[in-house]
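# Examining the three-dimensional arrangement
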Amino acid sequence: SPHHRRLQLAPWGAFAEFRSLASAYAFTHARTHSQTYAHVLARTLLQALLGAMGAFRGEACPLTASHHDEKAGVECEATGPSAAAAYQEQVKQVLEAASWPWPEHVMLDPSKQPRFVSSVEEFWSELQLGCHMNEVIIFPGGLHAMGQQDVMDPQIRAALGFAPEACEASRAASAYEVLERLAPTGALERMKGKIMYRVPGSAEHKGHSAGGTGNNILGPKFEALKEECPEEARSSAYLAEIRLFKPEVCVDGLRKKRKSTLSRTMRERCHTLGVDVRKMLFWDDYSEGTFIGGNLSAYDLHVDCIPSSNLGSVFSGHKLLAIWAHGPDTASIMKEHSRELFVPPLSAPQSAALERACCVTLASPGSIYVFSGTNAHTVCNVGFSSALPASPPRPCLCVSSYEAFVGLHTRHVDALLVAVEEASEDDQDIHEFTEEVAEAAACIIDRVKGKEGHLDRATLASVNYVLARSARMQDICDKELLRLAQYDRELTERREKEADAAFGGAAGEAPPPPAAADRGADAVAGGDDEDAGGGDADGESDADGKVRKHHRKLRKISKREHASHD
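Residues numbered from 1 in each chain as written. Predicted model: local features only at pLDDT ≥ 70, side-chain atom pairs only at ≥ 80, totals over all residues. Heavy atoms only, no water.

## Points about unusual backbone geometry
Spelled out, the test is: We count a stretch as a helix when DSSP gives it H or I for four or more residues in a row; a strand needs E for two or more, and each element gets its number in order from the N terminus.
Cis rather than trans, the peptide bond between proline 344 and proline 345 has omega equal to 0°. Mapped onto the secondary structure, proline 345 falls in the loop between α13 (328-337) and α14 (348-356). Phi angles above zero are rare outside glycine, and asparagine 134 is one such case at about 65°. Residue placement: asparagine 134 occurs in the loop between α6 (120-129) and β4 (137-139). In this structure, arginine 339 is a non-glycine residue whose phi angle is positive, near 65°. By the element assignment, arginine 339 lies in the loop between α13 and α14.

This is the structure we're talking about:
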């Protein structure tokens, strides 16, 4: 095998390559659903192979079918009928404690249940190659399986009362109380987001935004909340899309700075597990947000402005999520109930609307969930913990976060292309998203040309499919490839000059050009980090810094040209 030496040096280093072969096979022969006979057969054979490799080397596979976290005592093994039965029981226990905010017959309808995954490997396969259009995928215990249970911002964790030394009585009872605790620490000036509330007993099921609807610094918004929100409505406060106001340095190997409040994002965690996250067309964890709300706080019915999927993490409490089928059903429900809050008491039309939903889900604490933002969707927080053997569900705050991504399945790629084609000329969000996807495609193609990494056929097929369908993306991709080639030439020349100067004019051997991952990291990350610095930060040479700075300017000029052309 051409990978024989790699297997000898690091048995699990080639795990992603083997998995990619199985995923590509499934992608080619069964595009409508990842859990096909071909996919299951390939997974079974590969797990047997990898298990034999681990046994031979005396090692354990890092991505196994089940994962047990000793500290949390969570067994993340729930598949098939057992997962569905456990889910139904949990729904009954939690929603009975919450007085069934959504109709019981809807929540227990077998045709509206989520689909479950049970391992990190299966979870990644769903993200990259699976089709979750009109579905919700749930990974029970996924945060512990991924090692993501302790990634909340320390100031937010302390304000919630989730610190290890804190007792249960010290936990915040509402998002309003969290804001009160954050205010003296200066965190409200360090973070931005949205603050929403609703007036109890309001018949119109509409929310209110304190300090305006924009995503701005939390300090002024909290002052506006104190002035605008009646005291009896403070418990309904909902903090949404919380992120840092200014990007801060991170050392994840994928970028230099980001605005996420998490100490480690899901994308970064997948990267540390050895997953090639750069094969995704789009994965935005640069500034994606954290959400905090009490029982029956909610986010209104909407369709995401960017045609991507959502990757949610539930740290505390439960989330009710309803989605409607992509296409006519989504258009119809948006016409009837756009921006409505689905909180009790539900109106008769709202109850009927939930009956028309294609999937209605209760995501539990510690779980990870995935769905397409192109489906009309709405969320209602259920402020109760999971039931324990000796005690019923207890009141708590709901805390979650999310990241946006685009997988390689044709259903999701088609939804992306339709949204790009139908976008108006003044839709700046879509235009920036288009550029990021096209630049990511260019980086993937450049890696293939440079023979860096081993990209599977499914990744290349998806990239070619996108570029063949969108002339604008093809144009941006071509220009980005030219920029990357120019970057290589200039950097090589500068390094040769530095080497000559260091050896008194003697011709030294110039270092090889940087990998495509370094040259296009910002594009693949799903966001252009304009604050990323150059120079000798992170150990790069003066030549590296100067060339990076020069090419960031070129990219900005190129983007302005595209905007003017549009």
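So much for the structure itself; the text now carries on.
## Notes on the packing of helix α15 (residues 410-422) against helix α17 (residues 457-469)
Convention followed: In this analysis an axis means a line fitted to C-alpha atoms, helices contributing only their contacting stretch, and an angle means the value between N-to-C directions, from 0 to 180 degrees. Each angle receives one of four descriptions, namely roughly parallel if under 35 degrees, roughly antiparallel if over 145, roughly perpendicular if within 65 to 115, and oblique otherwise. Crossings are classed by handedness, with left-handed meaning an anticlockwise turn of the near helix from the far one by less than a right angle and right-handed meaning a clockwise turn. Throughout, a residue-residue contact means that at least one pair of heavy atoms, one from each residue, lies within 4.5 Å.
The interhelical angle for the contact between α15 and α17, taken along N-to-C directions, is 25°, at an axis separation of 11 Å. In terms of orientation, α15 lies roughly parallel with respect to α17. Crossing handedness for the pair α15 and α17: right-handed. Residue-level inspection shows Val413, Asp414, Leu417 and Glu421 of α15 in contact with α17, the latter providing Ser462, Tyr465, Val466 and Arg469.

## Some points on the packing of aromatic side chains
The line we're drawing: Stacked, edge-to-face and tilted labels apply to pairs of Phe, Tyr and Trp rings (six-membered ring for Trp) whose centres lie within 6.5 Å, assigned for plane angles under 30 degrees, over 60, and everything in between, in that order. Type-normalised accessible area, obtained with a 1.4 Å probe on protein chains alone, sets the label of each residue: buried when under 20%, exposed when over 50%, and partly exposed for intermediate values.
Counted according to the given criterion, the structure contains 11 aromatic pairs. Ring plane angle 65° and centroid distance 5.5 Å describe the contact between tyrosine 176 and phenylalanine 222, whose orientation is recorded as edge-to-face. One end of the pair, tyrosine 176, is in helix α9 (residues 175-182); the other, phenylalanine 222, is in helix α11 (residues 218-228), and 46 residues separate them in sequence. Each ring, one from tryptophan 283 and one from phenylalanine 405, has its centre 6.3 Å from the other, and the planes form 50°; the classification is tilted. Taken together, the positions of tryptophan 283 in strand β11 (residues 282-284) and phenylalanine 405 in strand β19 (residues 398-406) put the pair 122 residues apart, joining distant regions of the chain. We classify tryptophan 283 as buried; its relative accessible area is 0%. In this structure phenylalanine 405 comes out as buried when scored by relative accessible area, which is 0%. Following the ring pairs from residue to residue traces out a cluster consisting of Tyr238, Phe291, Tyr299 and Tyr402.

## Section: the environment of cysteine 443
With respect to the element layout, cysteine 443 can be found in helix α16 (residues 428-449). Look at cysteine 443 and you get buried, because its relative accessible area is 3%. In the structure, cysteine 443 is positioned 34 residues away from cysteine 477 in sequence and 8.6 Å away in space, judged by C-alpha atoms.

## Considerations on the sheet that holds strand β13 (residues 298-302)
Just so we agree on the cut-off: By the convention used here, strands pair only if DSSP detects at least 2 bridges between them.
The strand order β13-β18-β15-β16 describes an open sheet built from 4 strands, whose pairing is antiparallel. The sheet is open, and its two borders are formed by β13 and β16 (359-363), each paired with just one other strand. Each adjacent strand pair in this sheet contributes to an overall mean axis angle of 15°, direction not counted.

## Some details on the pairing of strand β18 (residues 377-382)
For β18, a buried count of 6 out of 6 residues is recorded, marking the element as mostly surrounded by other parts of the structure. Bridging between β13 and β18 involves 3 bridges; their strand directions are antiparallel. Bridge assignment links histidine 302 to a residue of β18, and that residue is histidine 377.

## Quick look at the pattern of salt bridges
The cut-off we apply is this: Think of a salt bridge as a Lys or Arg side-chain nitrogen and an Asp or Glu carboxyl oxygen that are within 4 Å of each other.
Applying the stated criterion across every chain yields a total of 20 salt bridges. The shortest N-O distance in the salt bridge between arginine 115 and glutamate 135 comes to 3.0 Å. Highlighted residues: arginine 115 in strand β3 (residues 115-116) and glutamate 135 in the loop between α6 and β4, separated in sequence by 20 residues. The exposure class assigned to arginine 115 is buried, which follows from its relative accessible area of 14%. Judged by relative accessible area, which is 22%, glutamate 135 ranks as partly exposed. The shortest N-O distance in the salt bridge between arginine 243 and glutamate 241 comes to 3.7 Å. What you see here is one network of salt bridges that share partners, running through Arg115, Glu126 and Glu135.

## Brief notes about the nonpolar core
In plain terms, the rule: By convention a nonpolar core is built from buried Ala, Val, Leu, Ile, Met, Phe, Trp, Tyr and Cys residues, the set being connected through side-chain atoms within 4.5 Å.
By size, the foremost hydrophobic cluster in this structure holds 53 residues, and its most contacted members are Phe123, Leu160, Val178, Leu225, Trp283, Ile292 and Leu311. No other element matches α9, which puts 5 residues into this core. Listed in part, the 47 residues of the second largest apolar core include Leu301, Ala353, Ala357 and Phe384.

## Thoughts on the confidence of the model for the protein chain
Quick reminder of the rule: Along the chain, pLDDT gives the predictor's confidence residue by residue, from 0 to 100.
In the predicted model, the protein chain carries a mean pLDDT of 80, and 73% of its residues have values of at least 70. When mean pLDDT is taken per element in the protein chain, strand β15 (residues 318-323) scores highest with 98 and strand β1 (residues 68-69) scores lowest with 34. The low-confidence segment residues 1-37 (pLDDT under 50) makes 70 contacts with residues lying over four places distant or belonging to another chain. Below pLDDT 50 for its whole length, residues 560-566 participates in 8 contacts with residues either more than four positions away or in separate chains.

## Side note on the packing of α9 against α11
Note the following rule: Polar here means any residue outside two lists: the nonpolar Ala, Val, Leu, Ile, Met, Phe, Trp, Tyr, Cys and Pro, and the charged Asp, Glu, Lys and Arg; Gly therefore counts as polar.
In the contact formed by α9 and α11, the axes pass within 11 Å of each other and the chain directions differ by 130°. With respect to each other, α9 and α11 are oriented oblique. Considering how the two elements wind past one another, α9 and α11 form a crossing that is left-handed. Counted together, Tyr176, Leu179 and Glu180 of α9 and Phe222, Leu225 and Lys226 of α11 form the full contact between these two elements. Of the residues contributing to the contact of α9 with α11, the split by class is 4 nonpolar, no polar and 2 charged.

## Let's talk about empty space enclosed by the protein
Heads up, the condition is: Whether a set of points on the 1 Å grid over the protein atoms alone is a cavity depends on a 1.4 Å probe fitting there but being unable to get out, while an open set qualifies as a pocket with protein on both sides within 12 Å along at least five of seven lines; lining residues are those with an atom within 4 Å of a point. Grid points are joined across faces, edges and corners, and a volume is the space filled by probe spheres set on the points.
Following the criterion strictly, the structure yields 3 cavities of 30 Å³ or more and no others. Estimates place the volume of the second largest cavity at around 50 Å³. What lines the second largest cavity is simply Leu143, Gln148, Leu262, Thr265, Met266, Leu311, Ser313, Phe315, Ser401 and Glu403. Only β14 (309-316) and β19 provide two or more residues apiece to the lining of the second largest cavity. When residues in the lining of the second largest cavity are grouped by element, the largest group, 3 residues, is from β14. Here the lining of the second largest cavity is composed, by residue class, of 5 nonpolar, 4 polar and 1 charged.

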